[in-house]
Every structure is written in C-alpha cells, then in structure tokens.
Amino acid sequence: MTSQEGATRSPYRDYCGWFEAEDVARIQHKAVQAEALFRTTGITFNVYGAVDGDERLIPFDVVPRIISASEWRRLSRGIEQRVRALNAFLYDIYHRQEILRAGRVPVELIAGNEAFLPMMMGLDPPGGIYTHISGTDIVRTGADEFYVLEDNARTPSGVSYMLENRETMLQMFPELFAKVPVREVSDYPINLLKSLAACAPPACGGTPTVAVLTPGIHNSAYYEHSFLADHMGAELVEGHDLRVVDGRVAMRTTQGYKAIDVIYRRVDDDFLDPLNFRTDSMLGVPGIWDVYRAGGITIANAPGTGIADDKALYSYMPDIIEFYTGEKALLPNVPTWRCSDPEHLREVLDRLPELVVKEVHGSGGYGMLVGPAASKKELATFRAKLEANPGNYIAQPTLSLSTVPIFTKKGLAPRHVDLRPFVLMSPQGITITPGGLTRVAMTRGSLVVNSSQGGGTKDTWVLED
Amino acid sequence: MLGKTAGALFWMARYLERSENNARLIDAGFRIALTRSSTAAAEWKSVLVTAGVNQAFKSAHGDYSSARVIDFLLRDPANPSSILSVIRQARDNARTARTALTRETWEAVNTSWMTLVALLKRQVREDDLPDVLTTIRQQSAQVRGALNGTMLRNDGYHFALLGTYLERADNTARILDVKYYLLLPSVAHIGTSIDNVQWETILRSVSAHRAYRWLYGAEISALKIAEFLILYRQMPRSLTFCSERMENHLNELQRHYGEETDARRMAHALVHDKLNAPIQSIFDGGLHQYVTGFLRDTANLARQVERDYRFVE
C-alpha cells in the first residue's frame, strides 16, 4: 500500500482515507461476519479424508488489493499476449511442431511429458481453441515490475472466490463502493457461457447446450463447479449422468437423454474416458473421446492442454511468445534454472539456500523447497533429491516481492501476495475479467500463498480510469 | 432437468421431512417417559418401531432407557435415521441439486445442517431436550419458508414437494400402524374412550393434539382419531391431505412435461379408491391391513416416480 519512501501509493488513496476514518472495532466485527457469511453460503473446501463437518474455510481478508487502471492495462496486454501464444503453441505442438523443428524448444520436453497427449495429434478442436479458460499467476516485485509465476491452463480454479469475495465486500462495506470506483467482476459467468457457446462443435444445431462436468460433491472444488453451473444456468453433471447416444454425448434428464454441445470439464484428461484413457476411472464418460474426434462435442479446456502448465516448459515461455507473436514478452518470466541442464544444476546446488526449488509437475505448493526458510537438514534432503532426479526440478531466485496490507488484530500488517487473473478465449476474442484472485500468505514473512498451505484470499479491485 | 437433480430434490425434501417427523416422535415419547415411568420402555419401543429402527437399536443396546433411546434417535451415526444422519443426507442432496435451488433455500438447508451439527455435537441433556427439539422444528420451518417464498414453481419445486408429502404420509401411516392395537379394541366397544395419555401421544407425534380438540372437543374415540389422521382433508399430516398433494404435484409435473406417467395414475387411484371410504368401512376391513396396504402403495409410488423421471439409470 505504501511505497518504499512511505507514501501512500496512489491507487490506495481513497481507500486509506476511508480506512483511517473507520472504527477498527467495527472492521474487526465485519471480519467475523464475513466468515459466518462464507460458512452459510457453503464456500468451503473439503479436505480429503477429513471427518464430517470438517469442511474448511479459506481465510478471507477484508482489505482489498487495489490495482490502478493503467497498471491493469499493462497487465492485461501482457496476459492476452501470453494466452494467445500458449494457444498457438498448443496448436503447433499437436500439429506440425514447427517450434520443435526450429529448435526453439527441445523435443525431449514434449516427448517425455506426461501431460502431452499423442491422441490429440492432428486433431482440430472446435474453433481452434485449446485454452478456453486459463489463469496466469502474477507477482509484483516493484512499482512497475510484474513477473509471471506460472500459467494455469489445465483447470485453473478459484474464480468462485474472486466472485464471492466481491459479493462479501459489497455486503460488508457497501458505502466503500460509492467512494472508490471499482470495476465489475460479476459478469464473468455470463462471459464464460458466451465464450463456451462460441466454441460449439460442428454437430451443434441451434443454441448450444453447455454443461459443467464435476467429479462430485466430495471434490475439493465442488463449490466452484456448482457455482459456475448455477450462474451460467447450465447443468452440473457427473460422469454417471452422461452416456453416448446416437453419436452425441447426452445427459440423462427427467425426459430422457438430451445431447450436450459444450462440456466445461473439471476432471483431468486421464479420467475423461475409461474406454480411451484410464480404464479404472468412474468420473468420465465411456466413448466421449470418439465423439470429440468426430466433432460431436467441445471439451473445454481441450484434452492435452495441461502440457502448457508444465514448469519446465514455463522457462521457455519468452521464446514461445516470440516464436508465435513475433514480439518480446510484455510480462517477463521469473528467471528459471532447469535442473535437467548439468550447468544449471551445478549452479542451483551451489546456491540452494537462496533459491526456491519446485517440482516440474507439482502444484498446490507441495514438494517445493524455499531455500531461505529451510533448515540445514531440509536443504540436505532436498539436495539428495535433486541429485537423484534433476530433471524433475526447476529453481528460481527468491524475488523481493512487494507486499499488500492485511487486517490483523493489531491493525494493518504487510503480507506477500500473488494474483491470478482469469482469461476466457473463444474465436470471438479474449476476455480478461478486471481483477482476479489475490492469494495472501497469512503468516508474516511467508511466501507460500496456496490455500492447501494455509494461505488466504482477498478481494481484488481494478479501478476505473 | 437432470434425472439426478430431480432425485436429489425429492430426497432432500424427504430427509428434511424425516428429521422433523423424528423430532415429533421423540417429543411424544419423551412426554410419556416423563409423566409415566412405568410405561416409558414400551413407549420408547413403539417410537423406535415407528421410526423403523427398533432392530438396529436392540442389537446395539440392551434396554430402553430414555437417555439411550434419545441419543440413538438424535445423533447416533450408526443409525441412518438419526436426526444428525438425516440432516447430513438432506444437505448432501441439496449440494447435488444446488443448481436447482435458490440461494436462500440452499442457505437455509446449509444453515440447518450447521446448526444441528453444533447442537448435537455432544449428548443432549434431558433438560435441554425440549429446546433442542424446538430448534430442529424451527430449522425445518425455515427451509420450508425459503422453498415456498423463493422457488420458481417449476419441475424442481414439484419434485421437492412430492418428496415432502410422500415422506409425511409414510410417517403418519407408520404411527397408525404401530398404534392400531390401541385404536382397535375400542371398535368392539364403540363409545369406550381410550386412555387419555395414549391418544395424546398419537396426536402429539403428528403435532395435532390441539387441532383435534378444536374439531372434536372433549370427545375422544378411536374412530375419531383414526378418521382425523386418515381422512380429514384439512389436517396437514393426514393420509388424505398428503395423498391429494402428491397427486396434485404429479399433475403439475405431467402438465410441465406434457407426458402421461404411471406415477400420476397411481396417485390418482390412491386418492380416489383408497381414501374415499367412510372410516367405519376401513375399520371393518381391518385397520392394520388398511395401513399396511397404504404403506405398500406409497412405497410403490415412490419407486414409480423414480422410474418415470429417471432419477437413476
């Protein structure tokens, strides 16, 4: 909120004026109310194996994270460029593989990659879209410095938090929105519906029927799945509601089977089709793959898209962007050492205590080492892991992340955050919702913002011009 | 609407209704246990039989002590009909059908579940029981209020209400079935009044003791009670009232989908054949046989609804 010189940064000026005139006890009370609101609404996430009634809340902070109109313009240009490049990359990888022929990305990175789906080779997804929905994780290191931390093109989650956080703020502090001009986020679900409908498959006649595919009520993101279906007015289906009927994927309604045109799936590739992928999966639809190949259904995101999330590939993103757009990346990557490269590995091992090391396929903040926070023993253990399987890791410097204030019992206190804006892509264009999910490391000094590791969230405000 | 969603709405409503009915049964049993310790065990046993869990209780516990029975009915996870089990299932079904519920209805169900989980965390002391039972009924009323006040009168609403009345009819019929021996002897001696406390438990377990007095004054007879619970169409828990509602909601569904169903025909037959006789002829044919037949008919109806509207594959 403040610059290094201690002055209030300009996007925060109106908010600070309001905050200073407020009674801290009142805000404290609102924070408690907000928690009750989240419980009543059921915005909880299930912890696998936890006992009944032990659904957890993600901590919510009542101080918004504020981004100015001009900052947002820069960010969204960079994000749009990135998502276009990713989509072009995916098309290329599953077709002529020109980027590999040109030697800009090593073949091994694709060939040996679990997320690469050979079955997608030569297949044209409806509208040419792979990344219908994506999320780009961004951190800020200085007044004008943003870095992309990672790309989430598989099934980025958290959009329901973006929307519910705003809803909660509107209920808690309605007067604040009269003082500060904040851009709307609430049209995300309707944009999602439009965007998905615009990717209808060739077999679709008339208005496309859209459905959300969830693994079920025990999935940790079930709330989000039902939220999105509800707000789009789409059906929320599970594998056992679906079957292939007359060459189309159809859902069992009270009136018999009805064809679906577009499916926003929130299950991984492996579980999509027990006939063509994992045979032990109960979550998917037997035969959906054949319908997909024949142009009978749109699957969003397209199968095989997960390769774009790969952390080793991430380090090539600046090249990928240049290769497909002919421009320099507008948003830089965090410098990354690929441990598969012996020279890189040597450097990483030398500087381990100052680096962050991540698993290439890891997610949710698991299996990573934060050098500066690690004990001697942890460092030694990780060193051994790195030496045993270097290809499984990448390393990055610990950035001097900027902080934003959170509300604590002792008043405002600085914490590290990241930001995940949500991006929709269809043949009609790219829509980025002004805002996104701001995740906060609730512990002082911590860099880990993942909800599975105790991180919280806050509302993200993009200001009007 | 997805068949699964229709089924989830139907079962959500059934479980909510069951939780409320069970609270009424516990209340009736508790009243007797308080006032007549000599018949408490027999009364608790009949409550367990009505709730359909007597076997399960007997295999887990030896004797019918008030504390044990109450705990079993309120919160035993091993009892699938305990109020805690039932409200959890109601909430799971509501989550499955979340996209077919208004936000207010969903939040009422979710709040009910949270409230009851907190309320029933520990064994309930007997002096707290009346308050706890009141809360359970109030939570149920809140869900009903949200449902009535905010839901579109579409297919989903009708599936939920169908579940409500089917469960309620089933419950009243079970009470009659368990208590028919109390009502029967008096048929032999028309005009003999039955035991005051006994008839009160019957009426109390459907929360209708006051309503009965308004209608029949001080005249307490087996025939009148049976008539009240079976045929009285203004009594919201009578078999006739519930069955007419079931038929009505099935009519609405038929109109909504424009498709004839067997379930609707069955409901129509239930109302017009089974509930269209004077109470004396029901007694003449045997009350127990009559109630057993009614329970079988409603169970068949439930299965037919499930088939007609494709709740499951």
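Residues numbered from 1 in each chain as written. Chains lettered and ligands numbered in written order. Predicted model: local features only at pLDDT ≥ 70, side-chain atom pairs only at ≥ 80, totals over all residues. Heavy atoms only, no water.

A. Main features of the packing of aromatic side chains. Across all of its chains, the model carries 30 aromatic pairs over all chains by this definition. Geometrically, the ring pair formed by A:Trp289 and A:Tyr292 is tilted, given 5.7 Å between the ring centres and 45° between the ring planes. Residue A:Trp289 and its partner A:Tyr292 are located together in helix α10 (residues 288–293), separated by three residues, close to a single helical turn. Taken as a pair, A:Trp289 and A:Tyr292 share a single burial class, namely buried. Relative to B:Tyr232, the ring of B:Phe228 lies with its centre 5.7 Å away and its plane at 45°, an arrangement referred to as tilted. The class of B:Phe228 is buried, set by a relative accessible area of 1%. (Phe/Tyr/Trp six-rings, centres within 6.5 Å; stacked < 30°, edge-to-face > 60°. Helix = DSSP H or I, 4+ residues; strand = E, 2+ residues; numbered from the N terminus. Buried < 20%, exposed > 50% of the residue type's maximum accessible area, 1.4 Å probe, protein only.)

B. Structural view of unusual backbone geometry. That bond from A:Ala300 to A:Asn301 is cis: its omega, -15°, falls within 30 degrees of zero. Relative to the helices and strands, A:Asn301 is located in the loop between β10 (298–300) and α11 (311–314). Even without being glycine, B:Ser207 reaches a positive phi, approximately 50°. Among the structural elements, B:Ser207 can be located in the loop between α10 (196–204) and α11 (209–216). Its identity as a non-glycine residue notwithstanding, B:Arg310 has a phi of 55°, on the positive side. Position of B:Arg310 relative to the elements: it lies in the segment after α16 (287–308).

C. Main features of helix α1 (residues 13–21) of chain A. Residue and element names in this part refer to chain A. Considered for burial, the residues of α1 that qualify are Tyr15, Cys16, Trp18 and Phe19. For α1, the angular spread of buried residues about the axis comes to 160°, placing them on one side. Away from its buried face by more than 90 degrees, α1 exposes Arg13, Glu20 and Ala21. (Arc of directions from axis to C-beta.)

D. Here's a closer look at the pattern of salt bridges. The final tally for this structure, using the stated rule, is 44 salt bridges over all chains. A:Asp241 is the salt-bridge partner of B:Lys4, the closest N and O atoms lying 2.5 Å from each other. With B:Lys4 in helix α1 (residues 3–35) and A:Asp241 in the loop between β5 (235–237) and β6 (242–245), this residue pair bridges two chains. Judged by relative accessible area, B:Lys4 falls into the buried class, the value being 9%. Of the charged contacts in the structure, one is a salt bridge between A:Asp261 and A:Arg248, with a shortest N-O distance of 2.6 Å. With A:Asp261 in the loop between β8 (256–259) and β9 (262–265) and A:Arg248 in strand β7 (residues 248–253), this pair connects stretches of sequence that are 13 residues apart. Each member of the pair, A:Asp261 as well as A:Arg248, carries the same accessibility label: buried. A single salt-bridge network, built from bridges that share partners, covers A:Asp137, A:Asp418, A:Arg420 and A:Arg439. (Salt bridge = Lys/Arg side-chain N within 4 Å of Asp/Glu carboxyl O.)

E. Representation of the pairing of strand β15 (residues 403–408) of chain A within the structure. All names here are of chain A. Burial analysis of β15 places five of its six residues in the buried class, the great majority of the element. Pairing analysis gives six bridges linking β15 to strand β16 (residues 411–420), with the strands arranged antiparallel. If you follow Val404 over to β16, its bridge partner there is Arg415. Two successive antiparallel strands, β15 and β16, enclose a turn made up of two residues. (Pairing = 2+ DSSP bridges.)

F. Seen up close, the domain arrangement of chain B. Residues and elements named next belong to chain B. Domains assigned within chain B are domain 1 (1–151) and domain 2 (152–313). Computed over C-alpha atoms only, the centres of domain 1 and domain 2 are separated by 20 Å. Our enumeration of links across domain 1 and domain 2 arrives at five salt bridges. For the salt bridge of Glu167 with Arg14, the shortest nitrogen-to-oxygen distance reads 2.9 Å. Counting across the interface, domain 1 meets domain 2 through 11 residue pairs in polar contact (both at pLDDT 80 or more). Every element with two or more residues in the side of domain 1 that touches domain 2 is listed here: α1, α2 (40–50) and α7 (129–150). Broken down by element, the residue count for the side of domain 1 that touches domain 2 peaks at 18 residues, all from α1. Within the side of domain 1 that touches domain 2, the residues separate by chemical class into 11 nonpolar, seven polar and 11 charged. (Domains from an automatic or database assignment. Polar contact = N/O pair within 3.5 Å; in protein donor to acceptor, adjacent residues only side chain to side chain. Nonpolar A, V, L, I, M, F, W, Y, C, P; charged D, E, K, R; others polar.)

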